[in-house]
Amino acid sequence: MKLTLRVWRQKNADAPGAMVTYEVDSISEDMSFLEMLDTLNEELTLKGEDPVAFDHDCREGICGACSLVINGDAHGPERTTTCQLHMRSFKDGDTIDIEPWRAAAFPVIKDLAVNRSAFDRIIQSGGYISAATGTAPEAHSTPVPKPDADYAFEHAECIGCGACVAACPNGSAMLFTSAKINHLNVLPQGAPERETRVLDMVAQMDTEGFGGCTLTGECATACPKGIPLMSITNMNREWLRAQRKAGKR
Ligand code: FES
C-alpha cells in the first residue's frame, strides 16, 4: 500500500504544532498501525530527520499506552486500541490524518505523545483498599455474588488509555473515573472506602480540569474495552449516596 500521512508535529508543550505530510510506500495490510509508523520513523531516521514521537508499550491491547486520533476518531476506524488496529482497515492511496489526544488535561509532550499523569493522580486519590494482604485467602471466605463479580470484572477491563477523554467534546474523564470506582465499590473488599473513594476521585477529576459529562456517549463508543455509558450513571449514584452519608445532601 502507498499512503499519504498527515502527522501532527510539535516540538514540545509550548511550541506551536502543525500537520506535516509524509508519503509511505510498501506498507503491508498485515502491519499494525504502529508498525506502519515504525516504517515511517525508520525512513525519517535514515534521512537524518527527527522521528515522530508516539506512545506504545505492550502492543497487545493491554497497557493503554497507545493513543492516536486517526482520521478524527480516537484509536481510528475500528473499536480497538491503536496497536491492535491493522492497515487492512485502510485502502491503497488513502490519506490518513494522525493527531494526539486533544484535551486540556492531556498536554502534548511531543508530536503524538501526551501527558496522561492526570489519570494516575485520580487513581492515587482513590487510596488503597484496606483488605488484608498476604497469602491468597481461601476462595470462599468472602462470597461475592456472580452478578457483582461480573460487574467488577467488566469495569476492571479499563486500561486507562484516555480514548474516552479524547472522544468527548467536553474532554470529560467520567467514563474512566467511573470504571475505576465501580470496579472496587461493588466488591466487599472495596466496601470500607466506598464513600471516600468516590468523593475523592471525583474531586480530583474536577481538579485536573476534565470537563463535565453531558451524556453525548462518544466516550463509550470509542472505548476499546466496551465500558458502558451506564457506568457514569452508577458513579453519580455512588457519589450522591456518599454525599448523603456525609450529611452534605
Ligand atoms: S501499546 Fe499497550 S494497549 Fe496499545
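Residues numbered from 1 in each chain as written. Predicted model: local features only at pLDDT ≥ 70, side-chain atom pairs only at ≥ 80, totals over all residues. Heavy atoms only, no water.

**Q** Hey, could you run me through the overall build of the protein in this one?
**A** From N to C terminus, the protein includes eight helices and seven strands. Considered along the principal axes of its C-alpha atoms, the protein spans approximately 60 × 40 × 35 Å. In the protein, which comprises 249 residues, the share counted as buried stands at 45%. Summarising the internal contacts of the protein: among those between residues at least 6 apart in sequence, 68% fall at separations of at least 24. Of the charged side chains in the protein, 24 are positive and 34 negative, and the gap between their average positions amounts to 7 Å. (Helix = DSSP H or I, 4+ residues; strand = E, 2+ residues; numbered from the N terminus. Buried < 20%, exposed > 50% of the residue type's maximum accessible area, 1.4 Å probe, protein only. Contact = heavy atoms within 4.5 Å. Lys, Arg positive; Asp, Glu negative; His and termini not counted. Charge placed at Lys NZ, Arg CZ, Asp CG, Glu CD.)

**Q** Before we go on, may I ask you to explain the pairing of strand S1 (residues 3-9) in this structure?
**A** The two faces of the sheet receive side chains in turn, since in a regular strand these alternate between them. A large share of S1 lies buried, amounting to six of its seven residues. Summarising the sheet, S1 and strand S2 (residues 18-24) pair through seven bridges and their orientation is antiparallel. By the bridge assignment for S2, Arg-9 is matched with Ala-18. As paired elements, S1 and strand S5 (residues 95-99) share four bridges and run parallel to each other. Along S5, the bridge assignment pairs Thr-4 with Thr-95. (Pairing = 2+ DSSP bridges.)

**Q** I would appreciate a short explanation of the pattern of salt bridges in the present structure.
**A** Applying the stated criterion across every chain, the model contains 15 salt bridges. Here Glu-238 makes a salt bridge to Arg-194, at a shortest N to O gap of 2.8 Å. Taken together, the residues Glu-238 in helix H8 (residues 230-245) and Arg-194 in helix H6 (residues 194-207) connect sequence positions 44 residues apart. By relative accessible area, Glu-238 is classed as buried at 13%. In this structure Arg-194 comes out as partly exposed when scored by relative accessible area, which is 23%. (Salt bridge = Lys/Arg side-chain N within 4 Å of Asp/Glu carboxyl O.)

**Q** I'm lost on the layout of surface pockets in this one. Help?
**A** It is the rolling of a water-molecule-sized probe over the atoms that shows where space remains empty. In this model, the largest pocket occupies a volume close to 240 Å³. It is helix H7 (residues 218-222) that provides the largest number of residues to the lining of the largest pocket, a total of three residues. By residue class, the composition of the lining of the largest pocket is six nonpolar, five polar and five charged. Considering only enclosed or pocket space, the second largest pocket measures out at about 170 Å³ in volume. Along its surface, the second largest pocket is lined by Ile-123, Gln-124, Gly-126, Gly-127, Tyr-128, Ile-129, Lys-180, Leu-184, Arg-197 and Met-201. Of all the secondary structure elements, the ones that give two or more residues to the lining of the second largest pocket are helix H2 (117-125), helix H5 (174-185) and H6. Residue composition of the lining of the second largest pocket, grouped by class: five nonpolar, three polar and two charged. (1 Å grid on protein atoms, 1.4 Å probe; cavity = no way out; pocket = protein on both sides within 12 Å on 5 of 7 lines; lining within 4 Å. Points joined across faces, edges and corners; volume = space filled by probe spheres on them. Nonpolar A, V, L, I, M, F, W, Y, C, P; charged D, E, K, R; others polar.)

**Q** Whenever I open this one, the packing of H2 against H5 confuses me. Can you help?
**A** Two quantities define a packed helix pair, namely the angle between the helix axes and the distance between the axes. Viewed as axis vectors pointing N to C, H2 and H5 meet at an angle of 30°, and their least axial separation amounts to 11 Å. One finds that H2 runs roughly parallel with respect to H5. As for the relative orientation of H2 and H5, their crossing is right-handed in sense. Listed contacts from H5 to Phe-119, Ile-122 and Ile-123 of H2 are Phe-176, Thr-177 and Lys-180. For the contact of H2 with H5, the residue count by class is four nonpolar, one polar and one charged. (Axes fitted to C-alpha atoms, helices over the stretch in contact; angles between N-to-C directions. Parallel < 35°, antiparallel > 145°, perpendicular 65-115°, else oblique. Left-handed = near helix turned anticlockwise from the far one by under 90°.)

**Q** Looking at this model, I keep getting lost on unusual backbone geometry. Mind explaining?
**A** Residues other than glycine predominantly adopt negative phi, and peptide bonds predominantly adopt the trans conformation. Positive phi, normally seen in glycine, also occurs at Arg-59, with a value near 55°. Mapping Arg-59 onto the fold places it in the loop between helix H1 (33-46) and strand S3 (69-70). What makes Arg-59 partly exposed here is its relative accessible area of 25%. Not every positive phi belongs to a glycine, and Asp-111 is a case in point at roughly 50°. Mapped onto the fold, Asp-111 is located in the loop between strand S6 (108-110) and strand S7 (113-114).

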